[in-house]
Amino acid sequence: MERLRTEGLTKQFPGVTALNDVNFELQEGEIHALVGENGAGKSTFVKILAGIFQPSAGKIFIENSEIKFASPKDAFAYIGVVHQERELVPFYSGICNLFLGQEITSSGFLNRRAMQQKALDFMRQYNLDLDMDTPVTNLGSGMQEMITILKVLFRSPKIVIFDEPTAPLSIKETDVLFRLIKDLKSKGTSIIYITHRLPEVFQLADRVSVLRNGEKVVTANVTDIAEQELIRFMIAKDINQQYPKAILPRGDEIMKVKFHDSDIKIQIHAQEIVGFAGLVGSGRSELAKKIVQGHKSESLNITLDNKAFKPSGPKFAIDHGIVMIPEDRRGEGLVPSFNVRENLSFSHLSFLSRFGFRDEKKISERCDSIIKDLGIKVYSQFQLVNTLSGGNQQKVSLGKWLDANAKIWIFDEPTQGIDVETKVEIYRIMERLAAQGAGIWFISSDLKELISISDKIYVMYQSKIVGEFMRPFEAEEILQTMLGIKNKEISEVTV
Amino acid sequence: MNVSKILTQFGTVIALIILFIIFAISVPGFVESNNLINILTQIALLTIISQGFTVVLIVGELDLSFANLASLTSVMVAGLIIHGVNPTLAILICLLGGIIFGVINGTLVTRIGIPSLITTLATGIVANGFIYMYTKGVSFYSGLPQGFLYLGRGRIGPIPVLVIIMLIYLAIFHIFVNRTVIGSNLKATGGNAKAAFIAGINVKFYKVLGLAICSFSAALAGILLTARLGAANPEGAGGFLMEGFAIVLLGQTVSAIGMASPIGTFIGALIIGVLNNGLTLMGAQYYMQDIVKGIIIILAVVISSIQTKRMGV
């Protein structure tokens, strides 16, 4: 019997279509895996089913009757979602978290014993033995995850969505989870299982669907499809012909990062754009932050211009010609209460001042030239940076370094949430910086853009550098490495 | 520009003007130059102490200790002078003590990571303890030299020295915050400490600096308070905490994006000063002032939260 069906589900954000015309269907007692690259639309899909987003178009049917979720509350009764982010009150025990908002009371007081009994009975149903009395903040991440799952199941939803549930789990806990999921299935619950770990798909699921660029490209029985085919479906067809890349002759080596006990070392040369691929959470940003903000571990050995470089904070890095454009533009790249002029200047005021007093004329001239140079769309320097589009904010965020003569530019997800036209402008800026002799450290979750504009790509997996790829790139091979399928063949490196 | 935009951008200044006009029409003697100078004299100490608190808000921290610190320097400067210390030296000792107090606040906040609200609540209590240790709860009445009292009571022509000190202090803060590199770095630190850090700004230093400037202002205000009253009592500056908060919050609404600023704080002080003075001249009971002030603070916060939402800051 059909449990859930979506017809033409579409979600548009300003400038981006996150989900496009998705027809998806889920049977009673089915485990349906959902896979796709970063940004393929999986999260958007889940958020619509959880009532967090409203679809721009399309319909949702549950047991053949159309249904509309105006808020997460409406979705609760039908669909339980185990999100990647945990939703537990840290200082409450498992019991208190379980009964949050639906506590059992007698004459106005909490009835602990009744709650405990009910929780025990409930756990017994699923053969689980969890620590429900310790404040969850004191439990391991695996146990927290299991309590989160229990909390979702407690509402007895007919459909449960798991969003990468095994990421924080140990092997033993993963076994427990798989047993639980199969148990749910045997009781008739339908399950949507989202994962980056393809072997899990074949281990667990009945069917699998692939999302790519917001569209569903295939649904198949897992017995009818091979891992290789699955990967091919995940990779966009036009991956190698997105953006015309100018190949520059490689300059001198600027930076080298060596890791303990490993052959793979990161090398960045002048005029080179070096891509960093990996799944979200694979440690790409963390590695870059170690270079810029300093680190305590001895596992990194960095040389800059053939001299040892010991990172000790952003100012030190900037003084040595390393600048970073952080992923979180609004949170780390910009001062939201400042206007464009201040945002372009605040890191450079010592050069734009006389005897400690701001030189407003110099500041104005410099801002004007950066705004013109990067084509930032503003009506004046004094426009608040908050009122700009994402692309223009990104240009301001990177623009402040434009005349800093940086040798290494670290871009962390520079095109995330930016419209297509501005994306291309950002690529051009990166290429121009490279042409001027800088080395570009380019972190992105979008494999397509990495492949189009990088000269070399390093792949990270679980905080390790696991692969190094040169042009011409094989998208399939890179994706396999990102997903951890091919890692065994490559020497693993601890960062 | 529509009406609501004008109101959120200039509402506070308009409110001051309207308030002024109402009192000018309805209260005899309000617009006389003597009374206007009086208003400025009444808000001088509040303005000075609140300039420091303004800078603390600019770096994104809080300070609950400044009023107690002002009381402490108020009794300390009196005690030192009465016990024979040269007045200039006594003033310098108190000012230096204020800076050290602020650096201790800042160090606890930035190095140990105690939130400034809690840090300064605690150090404020400690300051209060020192006051009673030093005074045994007794006020200092006599023995202050004329030269010292001149700071609080003297006049240059028709203008009180205190008002001149306030105006100079205000001008210095305005220039410091808006025209210097250090001022810009203070604003960047408060605007987004993470972004400032990544851009190479020493965020911790500027937080300490902000708290030290606040304590310096409090120490100065405490000294001037003693010079004005010709006496010092253990809780002399206690009222500055609430009033200081009030005018800085009011002052935040002066800027279009709801940020604290020296001039904004001065306008906040003017509103409170005009209100206090006008209501007193009208013969309103003293408790009316508190009720009106409380309501004004709530209005100010409502306006600035609307501004903040509008700007998405």
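Residues numbered from 1 in each chain as written. Chains lettered and ligands numbered in written order. Predicted model: local features only at pLDDT ≥ 70, side-chain atom pairs only at ≥ 80, totals over all residues. Heavy atoms only, no water.

Comments concerning the packing of aromatic side chains
Residues and elements named next belong to chain A. Just so we agree on the cut-off: Each pair of aromatic rings taken from Phe, Tyr and Trp, with Trp reduced to its six-membered ring, is defined by centres within 6.5 Å and is described as stacked if the planes are under 30 degrees apart, edge-to-face if over 60, and tilted in the remaining cases. Helix and strand definitions here come from DSSP, where helices need a minimum of 4 consecutive H or I residues and strands a minimum of 2 consecutive E residues; each element is numbered from the N-terminal end. Residue exposure (1.4 Å probe, protein chains only): buried if accessible area is under 20% of the type maximum, exposed if over 50%, otherwise partly exposed.
Across all of its chains, the model carries 21 aromatic pairs over all chains by this definition. On the numbers, 6.4 Å between centres and 45° between planes, the contact of Phe 162 with Tyr 193 is tilted. Of this pair, Phe 162 sits in strand 9 (residues 159–163) while Tyr 193 sits in strand 10 (residues 190–194), placing them 31 residues apart in sequence. Of the two residues, Phe 162 and Tyr 193, neither departs from the other in class, the shared state being buried. Aromatic side chains Phe 276 and Trp 441 sit 4.4 Å apart centroid to centroid with 10° between the ring planes, which places their arrangement in the stacked category.

So, the packing of helix 7 (residues 161–179) of chain B against helix 10 (residues 203–229) of chain B
Residue and element names in this part refer to chain B. Heads up, the condition is: Every angle, taken between N-to-C directions, lies between 0 and 180 degrees, and every axis is a line fitted to C-alpha atoms, over only the stretch in contact when it is a helix. If an angle is under 35 degrees, it is roughly parallel; if it is over 145, roughly antiparallel; if it lies from 65 to 115, roughly perpendicular; otherwise it is oblique. By definition in these notes, contact holds between two residues if any of their heavy atoms fall within 4.5 Å. Three classes are used: nonpolar for Ala, Val, Leu, Ile, Met, Phe, Trp, Tyr, Cys and Pro, charged for Asp, Glu, Lys and Arg, and polar for all others, with Gly counted as polar.
Look at helix 7 against helix 10: their axes get within 12 Å of each other, and the N-to-C directions meet at 170°. In terms of orientation, helix 7 and helix 10 fall into the roughly antiparallel class. Between helix 7, through Leu 162, Ile 165, Tyr 169, Phe 173 and Phe 176, and helix 10, the contact on the second element is made entirely by Ile 213, Phe 216, Ser 217, Leu 220, Leu 224 and Arg 228. Counted by class, the contact of helix 7 with helix 10 contains nine nonpolar, one polar and one charged residues.

Some words on the interface of chain B and chain A
To be explicit about the condition: Note: buried area is the sum, over both parts, of the accessible area (probe 1.4 Å) each one loses when the two are combined. What makes a salt bridge here is a side-chain nitrogen of Lys or Arg within 4 Å of a carboxyl oxygen of Asp or Glu, nothing more. Under this definition, polar contacts are N or O atom pairs within 3.5 Å; protein pairs additionally need one hydrogen-donor-capable and one acceptor-capable atom, and for neighbouring residues in sequence, both atoms have to be side-chain atoms.
Chain B puts 24 residues into the contact, and the matching count from chain A is 28 residues. It is B:Val181, B:Ile198 and B:Ala199 in chain B that bury the most area against chain A; as a group they hold 28% of the surface buried on that side. For B:Lys194, the salt bridge goes to A:Glu332, with nearest N and O atoms at 4.0 Å. Where chain B packs against chain A, one counts six residue pairs in polar contact (both at pLDDT 80 or more).

Points about the nonpolar core
So the rule is basically this: Definition of nonpolar core: a set of buried residues of the types Ala, Val, Leu, Ile, Met, Phe, Trp, Tyr and Cys, connected through side-chain atoms within 4.5 Å. The domain boundaries here were taken from an automatic or database domain assignment.
Within the largest apolar cluster, 189 residues are counted, with the highest numbers of intra-cluster contacts made by A:Phe162, A:Trp409, A:Phe411, A:Ile440, A:Ile457, A:Ile478 and B:Phe148. Sorting elements by how many residues they give to this core places helix 10 of chain B first, with 13 residues. Both domains that furnish three or more residues to this core are identified here as domain 1 (2–238) and domain 2 (253–483) of chain A. Other than its neighbours up to four places away in sequence, A:Phe162 contacts A:Val82, A:Ile149, A:Leu177, A:Ile181, A:Leu184, A:Ile191, A:Ile192, A:Tyr193 and A:Ile194. Counting residues in hydrophobic clusters, the runner-up holds 28 residues, among them A:Phe259, A:Phe276, A:Ile408 and A:Met460.

A look at the side chain of B:Asn277
Residues and elements named next belong to chain B. Its location among the elements puts Asn 277 in helix 12 (residues 262–282). Residue class for Asn 277 comes out buried when judged on its relative accessible area of 6%. For Asn 277, the side chain forms a polar contact with the side chain of Asn 35, separated by 3.0 Å. Apart from the residues within four sequence positions on either side, Asn 277 is in contact with Phe 30, Asn 35, Ile 39 and Gln 42.

Focus: the domain arrangement of chain A
All names here are of chain A. The domain boundaries assigned to chain A delineate domain 1 (2–238) and domain 2 (253–483). Taken together, the 13 residues of domain 1 in the interface contact 13 residues of domain 2. The interface formed by domain 1 and domain 2 includes one salt bridge. For Glu 476, the salt bridge identified is with Arg 232, shortest N-O distance 3.3 Å. Put simply, domain 1 and domain 2 have two residue pairs in polar contact (both at pLDDT 80 or more) between them. Per element, the largest residue contribution to the side of domain 1 that touches domain 2 is four residues, and it comes from helix 8 (residues 227–234). Looking at the side of domain 1 that touches domain 2 residue by residue, the class counts come to five nonpolar, four polar and four charged.

Some words on a nonpolar patch on the surface
Selection criterion: Each patch groups residues whose relative accessible area exceeds 30% and which form no salt bridge, using 9 Å between like charges and 5 Å between nonpolar side chains of Val, Leu, Ile, Met, Phe, Trp and Tyr. Residue-level accessible areas treat just the shown protein chains as cover; the underlying method is Shrake-Rupley with a 1.4 Å probe.
A contiguous nonpolar patch, built from B:Tyr286, B:Tyr287, B:Met288, B:Ile291, B:Ile295 and B:Leu299 and spanning about 640 Å² of accessible area, is present on the exposed surface. Summarising the element assignment, B:Leu299 is placed in helix 13 (residues 286–311).

Some words on the environment of A:Ile291
Examined against the element boundaries, A:Ile291 turns out to sit in helix 9 (residues 284–293). Considering only alpha carbons, one finds A:Ile291 and A:Ile322, 31 residues apart in sequence, at a separation of 8.7 Å.

Quick word on the sheet that holds strand 6 (residues 79–82) of chain A
Residues and elements named next belong to chain A. What counts, and what does not: The rule for pairing is simple: two strands pair if DSSP sees at least two bridges between them.
On the basis of which strands lie adjacent, the open sheet formed by six strands has the order 6-9-10-3-11-12 and mixed pairing. Because the sheet does not close on itself, it has two edges, and the strands there are strand 6 and strand 12 (215–221). Neighbouring strand axes in the sheet, compared pairwise and without regard to direction, differ in orientation by 20° on average. Against the sheet, helix 5 (residues 141–153) touches strand 6 and strand 9, its axis set at about 170° to strand 6. The strands touched by helix 8 within the sheet are strand 3 (31–35), strand 11 (207–212) and strand 12, with strand 11 carrying the most contacts at an inclination of about 30°.

Let's talk about the pairing of strand 13 (residues 253–259) of chain A
Residue and element names in this part refer to chain A. Taken across its seven residues, strand 13 has six buried, putting it largely inside the fold. The pairing of strand 13 with strand 14 (residues 266–269) spans four bridges and is antiparallel. Considered in strand 14, the bridge of Lys 256 is made with Gln 267.

Details of helix 3 (residues 66–82) of chain B
Residue and element names in this part refer to chain B. Here is the rule: Under the convention used throughout, the expected extent of a helix is 1.5 Å for every residue step, that is, one less than its residue count.
If you check helix 3, its first and last C-alpha atoms are 24 Å apart, about what 17 residues at 1.5 Å a residue would give, namely 24 Å. Of all 17 residues in helix 3, 14 are buried, a share of seventy percent or more. Two residues or fewer after helix 3 comes Gly 84, characterised by a positive phi angle close to 95°.

Focus on the packing of helix 7 of chain B against helix 12 of chain B
All names here are of chain B. Relative orientation of the contacting elements helix 7 and helix 12 amounts to 145°, with a least axis distance of 8 Å. Contacts between helix 7 and helix 12 involve Met 166, Leu 170, Phe 173, His 174 and Val 177 from the first element and Pro 262, Ile 263 and Phe 266 from the second. In the contact of helix 7 with helix 12, the residues fall into seven nonpolar, one polar and no charged.

Here we look at the pairing of strand 21 (residues 408–412) of chain A
Residue and element names in this part refer to chain A. Put simply, the test is: The definition of a right-handed crossover adopted here requires that, viewed with the strands pointing away, the path from the first strand over the helix to the second runs clockwise.
Among the five residues that make up strand 21, five are buried, leaving the element largely enclosed by the rest of the structure. Of the two faces of strand 21, the one carrying Ile 408, Ile 410 and Asp 412 and the one carrying Trp 409 and Phe 411 are both buried. Strand direction decides the pairing type here: strand 18 (residues 322–325) and strand 21, joined by four bridges, are parallel. Residue pairing across strands places Met 324 opposite Ile 410, the latter belonging to strand 21. As defined by bridge partners, strand 21 adjoins strand 22 (residues 439–443) across five bridges and the pair is classed as parallel. Its bridge partner being in strand 22, Phe 411 is matched across the sheet by Phe 442. Taken together, strand 21, helix 15 (residues 420–435) and strand 22 form a β-α-β motif whose crossover is right-handed.

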